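# Fold and geometry: a report
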Amino acid sequence: MTVLIKIVQVILALSILILIHELGHFTFAKMFGIRVDKFFLFFDVKGVKLLSTKTGWFSRLFPSLANKDTEYGIGWLPLGGYCKINGMIDESMDTEFMNSEPKPYEFRSKSAPKRFLVMVGGVLNNFLFAILLNIIILAAWGQSYLKNSENQIYVNKLSYDMGFRTGDRVLAFDDYVPENFGMLQADLVRKNVRQATVLRDGDTVSFYIDQSLYPEVINTPDVFSVAVPFVVDTIPPQSPNYGSGLQRGDRIVEVDGHPIRFVQDSRAVVGEHRNETLPIKALRGADTLDFGMKVDSTGMALIYAQIPGISVHTYSFVQAIPAGLKYTWTSVKGYLSDLKMVATPSTGAYKSVGSFIAIGQVFPGQWDWYSFLSIMALLSLMLGVMNLLPIRWTEDTYCSSFMR
């Protein structure tokens, strides 16, 4: 079921984005009196069509559409979409019509500004659609993120080698003060940080970053994980520790004789004792209490810890408009920085470029409108930017959309 949900989300998202993109070319062409011969979702390779307004059962049911200049349809190859605009040279270099005089309804008969708008209409639509989605998301759900100023990092081997230590609180990257904990890894490489300043055990510590490690940073997930203090938030009824006596706010400081500072410290200990009960110590106020922690057959205790420092901003629809514009612009700048790194072989960023399958991995395994719309907004921006770099100045008949 998880795989099916992912597949449905990918197909639906890409189909919507393709239609939005091609609708931009289509709208400007129609606005300027240019004939659009075909408007298709997916490709009708070798003339095979799942649906067409000019052939088959659909044309018989709706004969008025069959007489229109434009053929609307759905192809069988779900890798994009296109609108075939009359009077443009396509990738097949079919130039026969160039031997005749330009007709008033052809693309080539229009002025340069009009031809330009037809060509960039898809990109414009992508950006407008992303802005609209971001406004809707902010108005409906607001914006939440982990505050960097209230969270500590839990290092892996790479971040340790760079000089960071578990429990550090990042104060600055060079002269930049990070706000969003979730963007620390991206900020590090996008800003080409040379020096990090952290709060470590009450002291301010600064150290230089070995920038030769940045290719690994780009291709390594979770360089900075949130170091979560093991403070009990909830214990669900399905947990083996439900009714154990632990209360919300208790801080677990020892498991089976091992000192515990963060939740991550407990995982290795707990995972080695499946179907066992381990002695633990927890702080409740000024008291240290003893409990037994039961571990299930999967090596989980199912005790959920409190996540500190979550910042939540809510917006009215009116407030969401400028906020959505700002968020979209920030996303564009970040994506351009990522593309610059991909184009620089020394960064190694090209190794992390995903495929069509990788796009599917981005979507969650269960339906969630917030995630779906957020991912679609980002993909729309990516599609818009990729179609601008560089702008295709050649007069393509097929204003084709590909998720690159």
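These notes cover the structure that comes with them. (Residues numbered from 1 in each chain as written. Predicted model: local features only at pLDDT ≥ 70, side-chain atom pairs only at ≥ 80, totals over all residues. Heavy atoms only, no water.)

Take the sheet that holds strand β8 (residues 195–200) next. Spatially, three strands are ordered β7-β8-β9 in an open sheet, and the strand pairing comes out antiparallel. Single-partner strands in this sheet number two, and they are β7 (169–173) and β9 (203–208). Recorded for the sheet is a direction-independent mean angle of 25° between the axes of neighbouring strands. In this sheet, β9 lies alongside β8 in antiparallel orientation, the contact comprising six bridges. Considered in β9, the bridge of Val 198 is made with Val 205. (Pairing = 2+ DSSP bridges. Helix = DSSP H or I, 4+ residues; strand = E, 2+ residues; numbered from the N terminus. Axes fitted to C-alpha atoms, helices over the stretch in contact; angles between N-to-C directions.)

A separate point is the pattern of salt bridges. All chains considered together, the criterion is met by 11 salt bridges. Between Lys 157 and Asp 161 there is a salt bridge, and its shortest N-O distance comes to 2.9 Å. Of this pair, Lys 157 and Asp 161 both sit in helix α5 (residues 157–162), separated by four residues, roughly a single helical turn. A residue is classified by how much of its surface remains accessible, and Lys 157, at 63% relative accessible area, is exposed. (Salt bridge = Lys/Arg side-chain N within 4 Å of Asp/Glu carboxyl O. Buried < 20%, exposed > 50% of the residue type's maximum accessible area, 1.4 Å probe, protein only.)

Position of Glu 254 relative to the elements: it lies in strand β12 (residues 251–255). Judged by relative accessible area, which is 26%, Glu 254 ranks as partly exposed. Separated by 25 residues in sequence, Glu 254 and Pro 279 have C-alpha atoms that sit 8.2 Å apart. Once residues lying within four places of it in the same chain are set aside, the contact partners of Glu 254 are Pro 259, Ile 260, Pro 279, Ile 280 and Lys 281. (Contact = heavy atoms within 4.5 Å.)

In this structure the tally under the stated criterion is 15 aromatic pairs. Judged by centre distance (5.8 Å) and plane angle (5°), the ring pair of Phe 43 and Tyr 82 falls under stacked. Of the two residues, Phe 43 sits in strand β1 (residues 36–43) while Tyr 82 sits in strand β4 (residues 77–85), which places them 39 residues apart along the sequence. Each member of the pair Phe 43 and Tyr 82 is classed as buried. Measuring from ring centre to ring centre gives 5.8 Å for Trp 369 and Phe 372, while their planes differ by 85°; the resulting arrangement is edge-to-face. One end of the pair, Trp 369, and the other, Phe 372, are both in helix α11 (residues 369–388), three residues apart, so they sit about a helical turn from each other. Through a chain of ring-to-ring contacts, the aromatic side chains of Phe 26, Phe 39 and Tyr 72 assemble into a single cluster. The ring of Phe 40 carries Lys 38 above its face, with NZ or CZ at 4.9 Å from the centroid. Over the ring of Tyr 160 we find Arg 165; its NZ or CZ atom is 3.6 Å from the centre of that ring. (Phe/Tyr/Trp six-rings, centres within 6.5 Å; stacked < 30°, edge-to-face > 60°. Lys NZ or Arg CZ within 6 Å of the ring centre and 35° of its normal.)

It is worth spelling out the pairing of strand β6 (residues 152–155) at this point. Burial of the side chains of β6 extends over both faces: Gln 152 and Tyr 154 are buried on one face and Ile 153 and Val 155 on the other. Pairing geometry for β6 and strand β10 (residues 224–227), over four bridges, is antiparallel. Residue pairing for β10: Tyr 154 is matched across the bridge by Ser 225.

Another aspect to go through is the sheet that holds strand β2 (residues 49–52). Spatially, four strands are ordered β2-β3-β1-β4 in an open sheet, and the strand pairing comes out mixed. Taken across any chain shown, the strands that pair with only one partner, and hence form the sheet edges, are β2 and β4. Averaged over neighbouring strand pairs, the angle between their axes works out to 15° when direction is ignored. Bridging between β1 and β4 involves six bridges; their strand directions are antiparallel. When the bridges of β4 are listed, Lys 38 appears paired with Lys 84. Against the sheet, helix α1 (residues 2–31) contacts β1, β3 (71–75) and β4, and its axis sits at roughly 175° relative to β1.

Note that every value here comes from positions in space, so none of it alone points to a role or purpose.
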